[in-house]
Amino acid sequence: MFIKDIFSQKKPVLSFEVFPPKQDSGLEAVLTAVDKMSVLPIDYMSVTYGAGGSNSKNTAQVASHMKNKLSIPSLAHLTCVANTKQTICERLTEYKNLGIENILALRGDKPGNYSGELFPGYRYANELVSAIKDFGGFCIGGACYPERHPDSATQEEDINNLKRKIDAGVDFLVTQMFFDNEEFYKFRDKCIQKGISVPINAGIMPLTNAGQIQRMAVLSGGASMPAKFMRMFAKYQDNPEALKQAGIAYAVDQITDLLSNDTDGVHLYTMNKPETAEKIVTAVNYLF
């Protein structure tokens, strides 16, 4: 099922994101986590794509498992980085043969210790979107940053680039994780002003340990940490179990506020943790 059709039939939408293993030996554990999360009332599941396609085979396997074994619409990621046009065509053919109908088209980030040509095929996500559109048969998602992509000089420039992706054929958007809902609302208003009307799925990540919080401050592309969040971290950083529960509670509060403000959907970055996902969904399920 096309994800754009899910958004047309119901709102809000609830989705999860998982990441495939870097090594084949870890595939079974990821599939087990996916199986556990599949019993929750979700609308689709998303599978990331390793830098330069390093674990692309496992992306395809996990997405196929969701779609063909669990009957859950899957969203397979695909990036420009380190991929030739021929490789991208091969990936699209593989996805289509597996019955995967939805792709998240991304520029992607530079792989660690990579010395080859960074963009041998397409340099920008809008070019990849156009290529997928020409290939045909897929619903296409795009990524967006509520607080500006780190490579954009201004948010206006970033939203102009986002509009190019929409015009190229993006059917819906998934945001990078954010921790301040007010920033998301301001971003959504600016998108409307720019004529962007596709559904926007709000990305939420429950931060449940101190190391994760420190990493995400960097990996989230500069997402601001509100005073409320920082007070929580300061109070519980030396108590791992309390910090875990507080992080889940913070995510639940974010989701409740988002849904109270007519957000199209929530995309939960699960970090492959079924127990955390279940606690959050149990707390907010009545809102969907």
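Everything here concerns the structure above.
First, a word on what this report is: a plain description of the structure on this page. Every residue gets a number counted from 1 within its own chain, in the order that chain's sequence is written. In view of the model being predicted, local features appear only for residues whose pLDDT reaches at least 70, and side-chain atom pairs are presented and counted only at 80 or more, with totals across whole chains, interfaces and linings using the full set of residues. Note: side-chain values were computed over all heavy atoms of the structure, leaving out hydrogens and water.

## Structural notes on helix 4 (residues 85–97)
Over its 13 residues, helix 4 runs 18 Å from end to end, which matches the ideal 18 Å to within 8%, given 1.5 Å per residue. Under the scheme applied here, a residue whose accessible area is under 20% of the maximum for its type counts as buried, over 50% as exposed, and between as partly exposed, the area being computed with a 1.4 Å probe on protein chains only. Counting from the N terminus, the helices are the DSSP runs of H or I reaching at least four residues and the strands are the DSSP runs of E reaching at least two. The complete set of buried residues in helix 4 reads Thr-87, Ile-88, Arg-91, Leu-92 and Tyr-95. For helix 4, the arc enclosing every buried residue in end-on projection is 140°, short of the 170-degree limit, so these residues lie on one face. Opposite the buried face of helix 4, by more than 90 degrees, sit the exposed residues Gln-86 and Asn-97. Residue contacts follow a heavy-atom distance rule, with two residues in contact if any of their heavy atoms lie within 4.5 Å. Contacts from the buried residues of helix 4 go to helix 3 (56–69), strand 3 (74–79), strand 4 (102–106) and helix 5 (125–135). One or two steps after helix 4, the chain reaches Gly-99, where phi turns positive at roughly 85°. Take the residue count of a helix, subtract one, and multiply by 1.5 Å to get its expected span. The arc in question is formed by the directions pointing from the helix axis toward the C-beta atoms.

## Some details on the nonpolar core
In summary, soluble globular proteins display a tendency toward joint burial of nonpolar side chains. Take the buried Ala, Val, Leu, Ile, Met, Phe, Trp, Tyr and Cys residues and link them wherever side-chain atoms come within 4.5 Å; each set so joined is a nonpolar core. Residues Phe-16, Met-45, Val-62, Ile-132 and Leu-173 are the most contacted members of the largest nonpolar core, which totals 67 residues. Here Met-45 is in contact with Phe-16, Val-18, Val-34, Met-37, Met-66, Ile-72, Pro-73, Ser-74 and Leu-75, once residues within four sequence places are set aside.

## Quick look at empty space enclosed by the protein
Points on a 1 Å grid, built from protein atoms alone, make a cavity when a 1.4 Å probe fits but cannot get out and make a pocket when they are open with protein on both sides within 12 Å along at least 5 of 7 lines; residues with an atom within 4 Å of a point are the lining residues. Grid points are joined across faces, edges and corners, and a volume is the space filled by probe spheres set on the points. Taken as a whole, this structure holds 3 cavities of 30 Å³ or more when the rule is applied. Within this model, the second largest cavity holds a volume of roughly 40 Å³. Residue lining of the second largest cavity: Phe-179, Met-205, Pro-206, Leu-207, Phe-229, Gly-247, Tyr-250 and Ala-251, and that is the complete set. In terms of residues, the lining of the second largest cavity owes the most to one element, helix 10 (residues 240–260), which gives 3 residues.

## Details of the pairing of strand 2 (residues 44–47)
Both faces of strand 2 are covered, namely the face carrying Tyr-44 and Ser-46 and the face carrying Met-45 and Val-47. Two elements, strand 1 (residues 13–18) and strand 2, share 4 bridges in a ladder whose sense is parallel. Across the sheet, residue Phe-16 finds its bridge partner in strand 2, namely Met-45. Handedness of the crossover joining strand 1 and strand 2 through helix 2 (residues 27–38) is recorded here as right-handed. Strand pairing requires that DSSP identify at least two bridges connecting the strands. Strand direction decides the pairing type here: strand 2 and strand 3, joined by 3 bridges, are parallel. Bridging from a neighbouring strand, Ser-46 pairs with Leu-75 of strand 3. We call a crossover right-handed when, viewed with both strands directed away from the observer, the connection leading from the first strand over the helix to the second proceeds clockwise.

## Considering the packing of helix 5 against helix 6 (residues 155–168)
Axis definition: a line fitted to C-alpha atoms, over the contacting stretch in the case of helices. Angles run 0 to 180 degrees between N-to-C directions. Packing of helix 5 against helix 6 brings their axes to within 8 Å, and their N-to-C directions diverge by 5°. With respect to helix 6, the element helix 5 is oriented roughly parallel. Side by side, helix 5 and helix 6 meet where Ala-125, Asn-126, Val-129, Ser-130 and Lys-133 of the first sit next to Arg-164, Lys-165 and Ala-168 of the second. What sets the label is the angle itself: under 35 degrees gives roughly parallel, over 145 gives roughly antiparallel, 65 to 115 gives roughly perpendicular, and the rest give oblique.

## Regarding the sheet that holds strand 3
Spatially, the 8 strands close up into a barrel ordered 1-2-3-4-5-6-7-8, and their pairing is parallel. Along the sheet, successive strands turn relative to each other by an average axial angle of 30°, direction set aside. Sheet analysis places strand 3 next to strand 4, joined by 5 bridges and oriented parallel. Each residue of the ladder has a partner; that of Leu-75, found in strand 4, is Asn-102. The sheet contacts of helix 4 involve strand 3 and strand 4, and relative to strand 3 the element is tilted by about 170°.

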